[in-house]
Amino acid sequence: MTAETIDTIDALMARYAAGTLPYPAHVLVQSHLEIANANRDLVAGLEELAAGALDAAEPQPMADHAQRLSSIFGSAPPVEAIRRPSTGIFPAALRDFVGFDADDVPWRTKMPGFREYDMDVDGCHASLFWIRPGRKIPAHTHEGQELTLVLDGAFTDIFGRYGRGDISVANEAVDHRPIAEKERPCIGFAITDAPLRFTGPLTQRLTDILGA
């Protein structure tokens, strides 16, 4: 997903501020910042540091100076620069990315009690998911990295509870078995850069796949 492993939320926020995340991961973090307060100050501080470093850098000559300036000033502000408040389940950044809102997701059932809408973008597998209340996701580890943003409801795993706006960061060192809370479905947005690998006893895997 990046040249260096992302193993903490702080590292993820630093990559976002530096502009080195693949586009789907950038959308995930921007969506998180729209619906949660936790890391807004951190990202603002990192962006200030980056701006200061840019100001202190030695100027470099620009080819086609007039043409580039004309293109910059003649274009609309990029979507990622406009941090709009979220008024629904889907933050504006995610809605712009997928092209529809939560009520219009063309879900596909992958397992009983588990629906998904997925796509491959910028070297990543991006997916929206819906988990039935109380459903267990089969225990698994990761061949690469996985970022998961909760949009509605919540799930728990060995690291604790993740509710709306929370991000779970997992890699090959993490083996977990997420369980949706019983009160309502868990809806989320996940990014992976390599396949998952099921773990745990065979009987448990079969039971979890069947949603029993």
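Cut-off values and rules
Residues numbered from 1 in each chain as written. Predicted model: local features only at pLDDT ≥ 70, side-chain atom pairs only at ≥ 80, totals over all residues. Heavy atoms only, no water. Helix = DSSP H or I, 4+ residues; strand = E, 2+ residues; numbered from the N terminus. Buried < 20%, exposed > 50% of the residue type's maximum accessible area, 1.4 Å probe, protein only. Polar contact = N/O pair within 3.5 Å; in protein donor to acceptor, adjacent residues only side chain to side chain. Core = buried A, V, L, I, M, F, W, Y, C linked by side-chain atoms within 4.5 Å. Phe/Tyr/Trp six-rings, centres within 6.5 Å; stacked < 30°, edge-to-face > 60°. Lys NZ or Arg CZ within 6 Å of the ring centre and 35° of its normal.

Some words on the side chain of Asn-171
Then, in step 1: Looking at where Asn-171 falls in the secondary structure, it is placed in the loop between β8 (167-170) and β9 (179-180).
Then, in step 2: With a relative accessible area of 9%, Asn-171 lands in the buried category.
Then, in step 3: There is a polar contact of 2.9 Å between the side chain of Asn-171 and the backbone nitrogen of Ala-173.

Looking at the nonpolar core
Then, in step 1: Within the largest apolar cluster, 33 residues are counted, with the highest numbers of intra-cluster contacts made by Phe-90, Leu-94, Leu-128, Leu-151 and Phe-189.
Then, in step 2: Elements represented by at least two residues in this core include exactly α1 (9-18), α2 (23-35), α5 (92-98), β3 (124-131), β5 (146-152), β8 and β10 (186-192).
Then, in step 3: Among the elements that make up this core, the one with the highest residue count is α2 (six residues).
Then, in step 4: Listed in part, the 11 residues of the second largest apolar core include Phe-129, Phe-155, Tyr-162 and Cys-186.

Here we look at the packing of aromatic side chains
Then, in step 1: Summed over the entire model, instances satisfying the criterion amount to five aromatic pairs.
Then, in step 2: When the centroid spacing of 5.5 Å and the interplanar angle of 70° are considered together, the rings of Tyr-23 and Phe-97 count as edge-to-face. Remark: Phe-97 occurs in helix α5 and Tyr-23 occurs in helix α2; sequence separation between them is 74 residues.
Then, in step 3: Judged by relative accessible area, Phe-97 falls into the buried class, the value being 14%.
Then, in step 4: Here the aromatic cluster, defined as three or more aromatic residues joined through ring pairs, consists of Tyr-23, Phe-97 and Phe-189.
Then, in step 5: The residue whose ring lies beneath Arg-115 is Trp-130, and the NZ or CZ to ring-centre distance is 4.0 Å.

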